[in-house]
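Structural overview for review
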Amino acid sequence: MDSQIGFIGGGQMAEALIRGIIESGLYKADAIFVTEPNRKRRDFMTDTYGVQGFADSTPVWDSCETVFLAVKPQIMGAVLASSKELVSTEHLIITIAAGLPISFYEKGLERDDCKIIRVMPNTPALVLEGASALSGNSNTSKDDLLRCEEILNKIGKAVILDESALDAVTGLSGSGPAYVFTFADAMIDAGIKAGLPRPTAETLALQTILGSVKLLMESKKHPAELRAMVTSPGGTTIAAQHVLERSGFKGIVMDAVEAAVNRSKELGKI
Ligand SMILES: NC(=O)c1ccc[n+]([C@@H]2O[C@H](COP(=O)([O-])OP(=O)(O)OC[C@H]3O[C@@H](n4cnc5c(N)ncnc54)[C@H](OP(=O)(O)O)[C@@H]3O)[C@@H](O)[C@H]2O)c1
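Residues numbered from 1 in each chain as written. Predicted model: local features only at pLDDT ≥ 70, side-chain atom pairs only at ≥ 80, totals over all residues. Heavy atoms only, no water.

Among the surface-exposed residues, Phe-183, Leu-244, Phe-249 and Val-253 lie close enough to one another that they form a single nonpolar patch of about 310 Å² accessible area. As for its position among the elements, Phe-249 is in helix H12 (residues 249–269). Judged by relative accessible area, which is 35%, Phe-249 ranks as partly exposed. (Patch = residues over 30% accessible without salt bridge, like charges linked within 9 Å, V, L, I, M, F, W, Y side chains within 5 Å. Areas by Shrake-Rupley, 256 points an atom, 1.4 Å probe, with all protein chains shown as cover. Salt bridge = Lys/Arg side-chain N within 4 Å of Asp/Glu carboxyl O. Helix = DSSP H or I, 4+ residues; strand = E, 2+ residues; numbered from the N terminus. Buried < 20%, exposed > 50% of the residue type's maximum accessible area, 1.4 Å probe, protein only.)

Structure follows, in structure tokens:
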């Protein structure tokens, strides 16, 4: 692996990646180069993490083989325009911007010989529990993809897929945290409606969600099997389960994910 790694944009997502990279020992802090035009934010990143901060992107492109593009999608065009003279075929460019296809970067850089990997991360990356999918253009090798996967595994779990699968990923794991937050909100309100004080309802609802996910992952059992284990004949769980089935809970969740996937496809065409 190259000895320095770069970030264009030192915001929330870059910070999560940098934390994961430093905590895992993948790179030393002073081998991480960050371009961040916002002085206050740049100082925060250099003071907090010991990374090297720059106001413009030249030192990053000059010193780092692997460069993450971690700016908002709406300013990506400007970043590409200002980078195109600095980019070479040696660079591995990894973008985490939501929604922009790889062809956008090839057009923006006015060349199609660069190695570009597009990543769809999600917000739990901010607590190093993200779910990311990545896909590379035809210039990227298997080693490039594995290198990117290794870095993303430091902020959660990553999978390598074709770019055509990224709309499905956006609908499932990209927007997914919002569905879980809605479910958590409903569980908390349900606890309050049943008479529990809010802090108690929050503690019990969130720990129930966390513990259930941990049990699912560690037991490697199918969700239906674990559900059957807590559903006793004539008991409380089956009474609740009946209501969920009658209102089409699973179908609603599947429809919601499908709507997000379709919207991602529509946005990709714009
Ligand atoms: N946050 C998430 O949960 C999440 C999830 C999935 C994907 N993403 C993607 O991750 C990317 C970064 O998101 P974020 O939440 O980290 O955004 P963010 O916190 O706003 O970070 C972007 C940073 O880039 C800086 N910047 C602006 N112009 C720049 C330039 N020309 N060169 C270098 N840096 C520049 C911004 O400074 P200013 O504030 O001064 O503009 C800001 O500090 C986005 O493309 C987003 O789509 C984010």
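For the ligand, the set of nearby residues contains 20 residues, the closest of which are Met-13, Glu-36, Val-71, Ile-75 and Thr-123. Within the side chain of Asn-38, a nitrogen or oxygen atom sits 3.5 Å from an oxygen atom of the ligand. In this structure, Val-71 approaches the ligand through a main-chain N or O atom, which is 2.5 Å from an oxygen atom. Considering the ligand on its own, with 890 Å² of exposed area, one finds that the protein chains cover 73% of that surface. Here the ligand is seated within the second largest pocket. For the shell around the ligand, the elements supplying multiple residues, two or more each, are helix H1 (12–24) and helix H4 (73–83). Here the element with the most residues in the shell around the ligand is H4; it accounts for three residues. Split into classes, the residues belonging to the shell around the ligand amount to twelve nonpolar, six polar and two charged. (Near = heavy atom within 4 Å. Polar contact = N/O pair within 3.5 Å; in protein donor to acceptor, adjacent residues only side chain to side chain. 1 Å grid on protein atoms, 1.4 Å probe; cavity = no way out; pocket = protein on both sides within 12 Å on 5 of 7 lines; lining within 4 Å. Sits in = over half its atoms within 2 Å of the grid points. Nonpolar A, V, L, I, M, F, W, Y, C, P; charged D, E, K, R; others polar.)

The next thing to look at is the environment of Lys-142. Following the sequence through the fold, Lys-142 ends up in helix H6 (residues 142–152). The class for Lys-142 is exposed, based on a relative accessible area of 65%.

Here we take up the sheet that holds strand S8 (residues 156–160). One open sheet accounts for eight strands, arranged S3-S2-S1-S4-S5-S6-S7-S8; its pairing is mixed. Each having just a single partner strand, strand S3 (52–54) and S8 make up the two edges of the open sheet. Across this sheet, the average inter-strand angle for adjacent strands is 20°, counted without regard to direction. In this structure, strand S2 (residues 32–35) lies alongside S3, joined through three bridges in parallel fashion. Paired with Phe-33 across the bridge in S3 is Gln-52. Against the sheet, helix H5 (residues 102–109) engages strand S4 (66–69), strand S5 (92–95), strand S6 (115–120) and strand S7 (130–136), with an angle of about 140° to S6. (Pairing = 2+ DSSP bridges. Axes fitted to C-alpha atoms, helices over the stretch in contact; angles between N-to-C directions. Contact = heavy atoms within 4.5 Å.)

Once that is clear, we can look at the domain arrangement of the protein chain. Along its sequence, the protein chain is carved into domain 1 (5–170) and domain 2 (176–269). The straight-line distance from the C-alpha centre of domain 1 to that of domain 2 is 33 Å. Across the contact, seven residues belong to domain 1 and five residues belong to domain 2. Applying the counting rule to domain 1 against domain 2 returns zero salt bridges. Scanning the region where domain 1 abuts domain 2 turns up one residue pair in polar contact (both at pLDDT 80 or more). (Domains from an automatic or database assignment.)

This paragraph deals with the packing of aromatic side chains. Applying the stated rule across the entire model yields five aromatic pairs. With a centroid separation of 6.5 Å and 85° between ring planes, the pair formed by Phe-44 and Tyr-49 is classed as edge-to-face. (Phe/Tyr/Trp six-rings, centres within 6.5 Å; stacked < 30°, edge-to-face > 60°.)

Looking at the second largest pocket, its volume works out to about 640 Å³. Lining the second largest pocket are 30 residues, and of these Met-13, Ala-70, Val-71, Lys-72 and Ile-96 sit closest to its centre. Residue assignment for the lining of the second largest pocket shows that the elements contributing at least two residues are H1 and H4. Broken down by element, the lining of the second largest pocket gets its largest block of residues, five residues, from H4. Class assignment of the residues belonging to the lining of the second largest pocket gives a composition of 16 nonpolar, eleven polar and three charged. (Points joined across faces, edges and corners; volume = space filled by probe spheres on them.)

This part covers the side chain of Ser-264. You can see Ser-264 is positioned in helix H12. Leave out the neighbours within four places in its chain, and Ser-264 touches Asp-167 and Thr-170.

Attention now moves to unusual backbone geometry. Backbone phi values are negative for most residues with the exception of glycine, while trans is the configuration of most peptide bonds. Even without glycine at this site, Leu-128 takes up a positive phi of about 60°. As for its placement among the helices and strands, Leu-128 is situated in the loop between S6 and S7. Positive phi outside glycine occurs at Lys-220, with the angle close to 60°. For Lys-220, a relative accessible area of 72% corresponds to the exposed category.

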